[in-house]
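# Examination of the molecular architecture
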Protein chains: 2
Amino acid sequence: MARNYNWKTGCDVEATLSVIGGRWKPVLVCHLLEGRKRFGELRRLTPNATERMITLQLRELEADGVVSRHVYAEVPPRVEYELTEFGRSLEPILMLMQEWGSAFKARRLAEESKGDQSARTA
Amino acid sequence: MARNYNWKTGCDVEATLSVIGGRWKPVLVCHLLEGRKRFGELRRLTPNATERMITLQLRELEADGVVSRHVYAEVPPRVEYELTEFGRSLEPILMLMQEWGSAFKARRLAEESKGDQSARTA
DNA sequence: ACAAGTACCCACATTTTTGTAAGTAATGGA
DNA sequence: TCCATTACTTACAAAAATGTGGGTACTTGT
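The following paragraphs examine the structure supplied in this document. (Residues numbered from 1 in each chain as written. Chains lettered and ligands numbered in written order. Predicted model: local features only at pLDDT ≥ 70, side-chain atom pairs only at ≥ 80, totals over all residues. Heavy atoms only, no water.)

## Some words on the interface of chain A and chain B
Rule in force here: Two residues qualify as a contact provided that any one of their heavy atoms is within 4.5 Å of a heavy atom in the partner residue. Reported buried area values correspond to the accessible surface (1.4 Å probe) lost by two parts on association, with both partners' losses combined. What counts as a salt bridge is simple: a side-chain nitrogen of Lys or Arg found within 4 Å of a carboxyl oxygen of Asp or Glu. Nitrogen and oxygen atoms within 3.5 Å of one another constitute a polar contact, given that in protein one can donate a hydrogen and the other can accept it, and given that sequence-neighbouring residues count only through two side-chain atoms. The way it works is that DSSP assigns letters per residue, a run of H or I at least four long becomes a helix, a run of E at least two long becomes a strand, and they are numbered from the N terminus. Three classes are used, and their members are as follows: Ala, Val, Leu, Ile, Met, Phe, Trp, Tyr, Cys and Pro are nonpolar, Asp, Glu, Lys and Arg are charged, and the others, Gly among them, are polar.
Contact residues are listed per partner, giving 46 residues for chain A and 45 residues for chain B. By the criterion of area lost to chain B, the three top residues of chain A are A:W7, A:R23 and A:W100, representing 18% of everything that side buries. One can count four salt bridges joining chain A with chain B. Here A:D12 makes a salt bridge to B:K105, at a shortest N to O gap of 3.4 Å. Our enumeration of links across chain A and chain B arrives at 18 residue pairs in polar contact (both at pLDDT 80 or more). When contributions to the side of chain A that touches chain B are tallied by element, the ones reaching two or more residues are α1 (12–20), α2 (25–32) and α6 (91–113) of chain A. Counted by class, the side of chain A that touches chain B contains 22 nonpolar, 14 polar and ten charged residues.

## Some points on the pattern of salt bridges
For the record, the criterion: Relative accessible area decides the class of each residue, using a 1.4 Å probe on protein chains only: under 20% of the type maximum gives buried, over 50% gives exposed, and in between gives partly exposed.
Within this structure, the stated rule accounts for 20 salt bridges over all chains. A salt bridge links A:R107 to A:E111, with the nearest nitrogen and oxygen atoms 3.3 Å apart. Taken as a pair, A:R107 and A:E111 lie in helix α6 at a separation of four residues, close to a single helical turn. B:K37 is the salt-bridge partner of B:E34, the closest N and O atoms lying 3.5 Å from each other. Residue classification places B:E34 among the exposed positions, given a relative accessible area of 64%. Each member of the salt-bridge network shares a partner with another, and the members are A:R36, A:E74, A:R78, A:E80 and A:E82.

## Considering the sheet that holds strand β3 (residues 78–83) of chain B
All names here are of chain B. For clarity, the cut-off: Here, any two strands with at least 2 DSSP bridges between them count as paired. To get an axis, fit a line to the C-alpha atoms, keeping to the stretch in contact for a helix; angles then go from 0 to 180 degrees between the N-to-C directions.
The three strands lie next to each other as β1-β3-β2, forming an open sheet whose pairing is antiparallel. Bordering the open sheet on either side are β1 (37–38) and β2 (67–72), each of which pairs with just one other strand. In the sheet, β2 pairs with β3 via six bridges, with the strands oriented antiparallel. Along β3, the bridge assignment pairs S68 with E82. Against the sheet, helix α2 (residues 25–32) contacts β1, β2 and β3, and its axis sits at roughly 95° relative to β3.

## A short note on the protein's contact with DNA strand D
Here is the rule we go by: Definition of nearness: a residue and a molecule or strand are near each other if at least one heavy atom of the residue lies within 4 Å of the molecule or strand.
Among the 20 residues in the neighbourhood of DNA strand D, the closest are listed as A:V75, B:E51, B:R69, B:P77 and B:Y81. Of everything in DNA strand D that lies within 4 Å of the protein, sugar and phosphate atoms constitute 70%. Between DNA strand D and B:R52, the relevant distance is 3.5 Å, taken from a base nitrogen to a side-chain nitrogen or oxygen of the residue. When contributions to the surface near DNA strand D are tallied by element, the ones reaching two or more residues are α4 (51–63) of chain A together with α3 (39–45), α4 (51–63) and β3 of chain B. Of the residues contributing to the surface near DNA strand D, the split by class is seven nonpolar, three polar and ten charged.

## Here we look at the environment of A:K105
Secondary-structure assignment places A:K105 in helix α6. Judged by its relative accessible area of 15%, A:K105 is buried.

## Observations regarding the sheet that holds strand β3 (residues 78–83) of chain A
All names here are of chain A. With antiparallel pairing, three strands are arranged side by side in an open sheet as β1-β3-β2. Bordering the open sheet on either side are β1 (37–38) and β2 (67–72), each of which pairs with just one other strand. Set on the sheet, α2 makes contact with β1, β2 and β3; between it and β3 the angle comes to about 95°. Against the sheet, α4 contacts β2 and β3, and its axis sits at roughly 115° relative to β2.

## Things to note about the relation of the copies chain A and chain B
For the record, the criterion: Only residues with pLDDT of at least 70 in both copies contribute their C-alpha atoms to the least-squares superposition of the copies.
You can overlay chain A on chain B at an RMSD of 0.0 Å; the transform is a turn of 180° with a shift of 0.0 Å along its axis. Taken together, the rotation angle and the small translation identify this as a two-fold axis. Across chain A, the smallest distance between a C-alpha and the rotation axis is recorded for A:I93, namely 3.1 Å. The overlap is high: 98% of the interface residues of chain A also sit at the interface in chain B, so the same surface is used on both sides.

If you want it as C-alpha cells, here you go:
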C-alpha cells in the first residue's frame, strides 16, 4: 500500500504508481533489469538510499510480485533478488525513464557550466 | 526538491524521479497531455487528490519547467495549465505508464472476479 | 581468541508529506 | 442584497516516510 495509491478508483497512471510509486522502487527495478543481484550490490548501486530503505522497498516489491527473493543457507548470508516475469513487464517504462534522465542530466550540467558560475546546486 | 531526489549523484532513473517523482505529478502530467486544462478540470480528473495537493504539485512542476500557468484576470478566476515543450518530452514515459496501468488493472480485476469472492479490497 | 563478513531487524527520533477547515476577492445573477 | 462561483492561501493537525544507531547469527581466516 505504498502511499495509498488507489489502482481501483484512480486513473491508469495511478495504477502503475501503486506498484512502482515508492521512493526507490524504480531505481531498484532498473538495476535488476541487468539481472539477479544480491543485496550488497543493490546497496552499492543505490548509494543515496539507506540500507533500511532498500530493504523496505524490496519487501514491498516482493509483496507485489515484482521481485523474487532467493536466500542461500550460507554464512555469511547471501540473498539475491531477481525480477519476476511480471516485474520484467515494467522494463519499457524503466528504460525510458533511464534515457530521459540521462538526457536531463546532460542538459542540466550543460546549463550549469554555461551561464552560471554561482552556486545553483539545486 | 521533491523528496530530495538527487539528480546529480543518483543514477539516471533517479534524475527522472527528481522531476516526476511527486505523489501526483505523473497523473497530472498525463492529464495535461490531452491539452491545456484549467484547475477545476484537473481536480475532477484527479479525484483521489485533494485540492491542496494538486496545487502544490502543479507549483513544483511549474518550478521545474514542466508546466506553464496562465492566469486570466477574470472573476471568478480562471487559471489554465499547459505542458511546456520540456514537459511534453515526458510524453512517452507517461503513455507507457498509462498502458501498463491499464493492463495491470484489467489483470487485477480479472483475478478478483475469478478465484476470490471474499473481500480483498486492497 | 577474535575480528570480519552479510543481510538483515528493532526501537526511536525526526522530517516530510498529506489532510482539514477556514478564509479571500470580485462579479454576475436571483 | 445576498449567494454562488473559482482558484487559490494559510494555519494547524495527523499520518507516513525516512534516518540513526545498535544488535544478531554463524562461520571462516588469523
